[in-house]
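Structural overview for review
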Amino acid sequence: MAETQTDIPGRRWRISWLLGIGILVNYFDRVNLSASHAALITAFGISDVAFGYLSGAYNLTYWFCQLPIGVILDKFGVRRVGRAGTFLWSVATFAGAAAPSLGALFGARFLLGVGEAPTFPASAKAVGHWFPPGERSLATALFDSMAKFSSVIGIPLIGYVLIKAGWRWSFAMTGVISLLYFIYFWCVYRDPEEDAGLSEAERRYIAGGEERADQADEQGSSLWQLLGQRKVLGLALGFGSYNYIFYLLLTWLPSYFAFALHIDLLHSFLYTSLPWLFATLCELVVGGWLVDFLVKRGADASRVRRTVLIGGACCGLGILGAARAHSATQALLWISLSIGGLSAHSAVGWSLPSFIAQRRDVGKVGGIVNFSNQVSGVCAPIVTGYLVSALHSYAWVFGVSAIYLAIGIGGYIFLLGRIERPRQQNSPTAV
């Protein structure tokens, strides 16, 4: 008798939670710097411009690693690359805590970027391995939403430790958490074909969600061939514009509340957590559960995903409202609208490499998308530092991000097109 979906074990969801915890820990290591802005000014006497460069240092090496890391992932797999990355980022976080000088802190942030470089492409590739298409939006939302939820609990927690014990102890705390995750990942993650605990019923369910009969003969594309595909370029452009706003808020939001709206440091940490909580819920409910719910019930999958992708990005333009906010309440509403819509959009966006690329190319496409992301991750904190220093205002900070996002939305509309795999080049029906 045929098995129903409710009869199938849920071991695959354990992998989704494993990836989510990894992203959560990953972002603890990133937001500890933004929470330490004032403390680093005291410790090293840095300016807003120098803080912008320090915030972008992590993204610089992260950015440089993205194209090669996609190739490495497709060659060596999620398990081996993930283990190496998690260990390296743990070491980098401890190095930041012990940094005796600003130069040493820059070095630790550069190393952190190398260690965390595989995280998102590897997670996207793992979801493609472990989940059929009808569950990938929710599985992706579970790991990607942790990038937002990290600020909900991470900034208040790190801020409290920082205020009570100093910034070095807050860095050391995140280092311990990272090391514990390294041990957890080492023990748990396997690809489906390597996991002895995966039942045969669940293995068939995972493999049966899409046509895989031609996997042995499937021809992967080169990195340069993928860079020439309109769909890949559209996704990379759109996601890069989203990531500009994401890193702007990730690195400067506590400072915005503290300095532009004159809120004391402890309360700025609490205010910062509220938009990220809203973003987490939007990603899980809209970008994850709702998309899968509609697709499973027969809605056109491409249309559903494009609607959430483009509609969420349009909500991101709400960041312009924060440029004219004169109170914390106004700022919270506009920023929550912006990051909430963008978060629902990002759950769909990170699921797309497994939908628009052949299975052997998912890591490379994820690397291309994250390469574009990290151009924004490098530029956003640095450009913000210059604008705040020169204008003593956040109006143009938010204006620049909205202009870039509008260009990214155009990339989704005119380049990405229908969300589906291209025909294989060696297919007899290809033209």
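Residues numbered from 1 in each chain as written. Predicted model: local features only at pLDDT ≥ 70, side-chain atom pairs only at ≥ 80, totals over all residues. Heavy atoms only, no water.

What follows covers helix α7 (residues 146-165). Largest kink in α7: about 35 degrees, centred on glycine 154, with the proline proline 156 one to four residues after it. Just beyond α7, the residue with positive phi is glycine 166, at close to 105 degrees. (Bend = angle between axes of the 7 residues up to and from the residue. Helix = DSSP H or I, 4+ residues; strand = E, 2+ residues; numbered from the N terminus.)

Now for the pattern of salt bridges. Tallied over the full model, the rule gives 14 salt bridges. Measuring nitrogen to oxygen at the nearest pair gives 3.2 Å for the salt bridge that ties lysine 148 to glutamate 283. Of this pair, lysine 148 sits in helix α7 while glutamate 283 sits in helix α12 (residues 265-296); the two residues are 135 residues apart in sequence, bridging distant segments of the chain. The two residues lysine 148 and glutamate 283 agree in class, both being buried. (Salt bridge = Lys/Arg side-chain N within 4 Å of Asp/Glu carboxyl O. Buried < 20%, exposed > 50% of the residue type's maximum accessible area, 1.4 Å probe, protein only.)

Note on placement: tyrosine 404 falls in helix α18 (residues 395-416). For the pair tyrosine 404 and leucine 237, spaced 167 residues apart in the sequence, the C-alpha separation amounts to 9.5 Å. Excluding anything up to four places from it in sequence, tyrosine 404 contacts Gly240, Ser241, Tyr244 and Ser376. (Contact = heavy atoms within 4.5 Å.)

Moving on, we come to unusual backbone geometry. Although it is not a glycine, histidine 392 adopts a positive phi angle of roughly 55 degrees. The exposure class of histidine 392 is exposed, given its relative accessible area of 71%.

Moving on, we get to the nonpolar core. Counting 115 residues, the largest nonpolar core has Phe246, Leu249, Tyr256, Phe257, Trp276, Ile335 and Phe398 as its most contacted members. Sorting elements by how many residues they give to this core places helix α11 (residues 230-260) first, with 16 residues. Aside from chain neighbours lying at most four places away, what touches tryptophan 276 is Lys148, Ser151, Val152, Phe246, Leu249, Leu250, Leu253 and Ile339. (Core = buried A, V, L, I, M, F, W, Y, C linked by side-chain atoms within 4.5 Å.)

Quick look at the packing of helix α3 (residues 48-98) against helix α8 (residues 167-188) now. Put simply, α3 and α8 touch, their axes get as near as 8 Å, and they point 165 degrees apart. In terms of orientation, α3 and α8 fall into the roughly antiparallel class. Relative to α8, α3 is oriented so that their crossing is left-handed. By residue class, the composition of the contact of α3 with α8 is 15 nonpolar, eight polar and three charged. (Axes fitted to C-alpha atoms, helices over the stretch in contact; angles between N-to-C directions. Parallel < 35°, antiparallel > 145°, perpendicular 65-115°, else oblique. Left-handed = near helix turned anticlockwise from the far one by under 90°. Nonpolar A, V, L, I, M, F, W, Y, C, P; charged D, E, K, R; others polar.)

Moving on to helix α1 (residues 11-35). With 25 residues, α1 should cover 36 Å at 1.5 Å per step; its first-to-last C-alpha distance of 36 Å lies within 8% of that length. Most pronounced at aspartate 29, the bend in α1 amounts to some 30 degrees. Taking burial as the measure, the 25 residues of α1 include 20 buried ones, the bulk of the element. (Expected span 1.5 Å × (residues − 1).)

It is worth spelling out the packing of helix α13 (residues 301-316) against helix α15 (residues 328-351) at this point. The geometry of α13 relative to α15 is characterised by a closest axis approach of 7 Å and an angle of 155 degrees between their N-to-C directions. Here α13 lies roughly antiparallel to α15, going by the angle between them. With respect to the hand of their crossing, α13 and α15 are arranged in left-handed fashion. Counting all contacts with α13, which are made through Arg305, Val308, Leu309, Gly312, Ala313, Cys315 and Gly316, the residues of α15 involved are Leu337, Ser338, Gly341, Leu342, Ala344, His345, Val348 and Gly349.

A few words now on the confidence of the model for the protein chain. This prediction gives the protein chain a mean pLDDT of 85; 91% of its residues lie at or above 70. Within the protein chain, helix α2 (residues 37-44) has the poorest average pLDDT of any element, 80, and α13 the best, 96. Note on residues 425-431: pLDDT is under 50 here. Beyond four places in sequence and across chains, it has seven contacts. (pLDDT = per-residue confidence, 0-100.)

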